[in-house]
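Here is what each chain is made of, one letter per residue.
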Amino acid sequence: MVLAVSLDMRKSVRVAAVVVAAVVGSSLITACQNDPDIDITKLAAETDPPEVLYNQGLANLNAGKTTEAARKFEALDRQHPFSEYARKALVMNAFVAYRNGQYQDAINATSRYLNLYPQSDDAAYAQYIQGLAYTKQIPSVTQDQKAASKAIEAMQTVIDKYPDSDYVEDAQAKIRFARDQLAGKEMQVGRYYLERKEYLAAVSRFRTVVEQYPNTNQVEEALARLVEAYYAMGVTAEAQTAAAVLGHNYPDSQWYADSYKLLQSGGLEPRESGTSWIARAGKRLIGA
């Protein structure tokens, strides 16, 4: 009789323990669901292997869910920092940041990637994304052109370090655009000085365009402005040379027609002087 009672008591204790465990587990789940500081999905994601997180990131990216994609790539970088997938996730996260317009974040991510994996297969792509991020930040020529200089530097690195990559052609195009912007900034400042009859300062800016940015779309106007500035200063030989170089390279240009008319008004015509810096620079012009 005593033995039977003892067995019944032990069974009751076991049943009670199971019930308590179930209640406690249910309470924990409810607490997690109600607590705003606990992210159940994040806790679950921490158990995912790196390839799963990476593929989830790609799937979200392909679906246009860039925020969720970034979260997966960041989780992968944080939870599996030494895996091959973490390396891939870092460059993909840079792309997501660029796509979302978070250009400085993209630059930071690519800089980190290139410091960690300079010889990897994706290094050229990371460098290219960095160049794109700087290019997207280039403002109008009325503003500072620091981003243009950075874009040129980044894209030139693509060309120099990864000459066989698929990004070289577009890198060259982005450099041309950035150089046009830098030349445009010089022209904007030069015109400012010219309007105020500060001719020496104006000539300095236009000369920079002709000598440093010969293969840009600003050269025609720069030569015409040199004709205008030198003519106003009475330095007619340089004015004539600038017009001659302009006419040789861009004979159908309206800028040349205007320069020719200006010289004619003073009884002059375009005539190149071999000792002029303009004649030497003219040999490297885009229309030469």
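Above this note sits the structure.
Attention in this report is confined to the structure presented alongside it.

Rules behind the numbers
- Residues numbered from 1 in each chain as written.
- Predicted model: local features only at pLDDT ≥ 70, side-chain atom pairs only at ≥ 80, totals over all residues.
- Heavy atoms only, no water.
- Salt bridge = Lys/Arg side-chain N within 4 Å of Asp/Glu carboxyl O.
- Axes fitted to C-alpha atoms, helices over the stretch in contact; angles between N-to-C directions.
- Helix = DSSP H or I, 4+ residues; strand = E, 2+ residues; numbered from the N terminus.
- Parallel < 35°, antiparallel > 145°, perpendicular 65-115°, else oblique.
- Left-handed = near helix turned anticlockwise from the far one by under 90°.
- Contact = heavy atoms within 4.5 Å.
- Nonpolar A, V, L, I, M, F, W, Y, C, P; charged D, E, K, R; others polar.
- Core = buried A, V, L, I, M, F, W, Y, C linked by side-chain atoms within 4.5 Å.
- Buried < 20%, exposed > 50% of the residue type's maximum accessible area, 1.4 Å probe, protein only.
- Phe/Tyr/Trp six-rings, centres within 6.5 Å; stacked < 30°, edge-to-face > 60°.

## Looking at the pattern of salt bridges
Okay, step 1: Counted by the stated rule, this structure contains 12 salt bridges.
Okay, step 2: Through salt bridges with shared partners, one network takes in Arg191, Glu221, Arg225 and Glu228.

## With respect to the packing of helix α10 (residues 199–212) against helix α11 (residues 219–233)
Okay, step 1: Interhelical geometry of α10 versus α11 gives an angle of 150 degrees and a closest axis separation of 9 Å. By the angle between their directions, the pair α10 and α11 is classed as roughly antiparallel. Crossing handedness for the pair α10 and α11: left-handed. In this structure, α10 uses Tyr199, Leu200, Val203, Phe206, Arg207, Val209 and Val210 to contact α11, whose residues at the interface are Val219, Ala222, Leu223, Arg225, Leu226, Ala229, Tyr230, Ala232 and Met233.
Okay, step 2: In terms of residue class, the contact of α10 with α11 is built from 14 nonpolar, no polar and 2 charged.

## With respect to the nonpolar core
Okay, step 1: Core analysis: the biggest nonpolar cluster contains 53 residues, and Val210, Leu223 and Leu226 have the highest contact counts within it.
Okay, step 2: Once residues within four sequence positions are removed from consideration, leucine 223 is found in contact with Val210, Ala242, Val245, Leu246, Ile278 and Leu285.
Okay, step 3: If you look at the next biggest cluster of nonpolar residues, it comprises 18 residues, including Leu90, Met92, Leu114 and Ala126.

## Section: unusual backbone geometry
What you tend to see is this: most non-glycine residues have negative phi, and most peptide bonds are trans.
Okay, step 1: Positive phi, close to 60 degrees, is recorded for lysine 197, a residue that is not glycine.
Okay, step 2: For lysine 197, the location among the structural elements is in the loop between α9 (168–195) and α10.

## Regarding the packing of helix α5 (residues 84–99) against helix α6 (residues 103–116)
Okay, step 1: At a closest axis distance of 7 Å, the pairing of α5 and α6 adopts a crossing angle of 160 degrees. With respect to α6, the element α5 is oriented roughly antiparallel. The chirality of how α5 crosses α6 is left-handed. Contact with α5, carried on its side by Arg87, Leu90, Val91, Ala94, Ala97 and Tyr98, involves Tyr103, Asp105, Ala106, Ala109, Thr110, Arg112, Tyr113 and Leu116 of α6 and no other residues of that element.

## A short note on the side chain of serine 165
Okay, step 1: Tracing the backbone shows serine 165 in the loop between α8 (146–161) and α9.
Okay, step 2: By relative accessible area, which is 19% here, serine 165 ends up buried.
Okay, step 3: If we ignore the near neighbours within four places in the chain, the residues touching serine 165 are Ala124 and Val158.

## Looking at the packing of aromatic side chains
Okay, step 1: Inspection of the entire model under this criterion finds 8 aromatic pairs.
Okay, step 2: Between tyrosine 98 and tyrosine 103, the aromatic rings sit 5.8 Å apart at their centres with planes inclined by 55 degrees, giving tilted as the arrangement.
Okay, step 3: A relative accessible area of 17% places tyrosine 98 in the buried class.
Okay, step 4: Ring centres 4.8 Å apart and planes at 20 degrees place the aromatic pair tyrosine 128 and tyrosine 167 in the stacked group. Of this pair, tyrosine 128 sits in helix α7 (residues 123–136) while tyrosine 167 sits in the loop between α8 and α9; the two residues are 39 residues apart in sequence, bridging distant segments of the chain.
Okay, step 5: Taking relative accessible area as the criterion, tyrosine 128 reaches 14% and is therefore assigned buried.
Okay, step 6: Looking at tyrosine 167, the relative accessible area reads 24%, which means it is partly exposed.
Okay, step 7: Members of the aromatic cluster, joined through ring pairs, are Tyr54, Phe73 and Tyr85.

Purely geometric stuff here, so don't read any function into it on its own.
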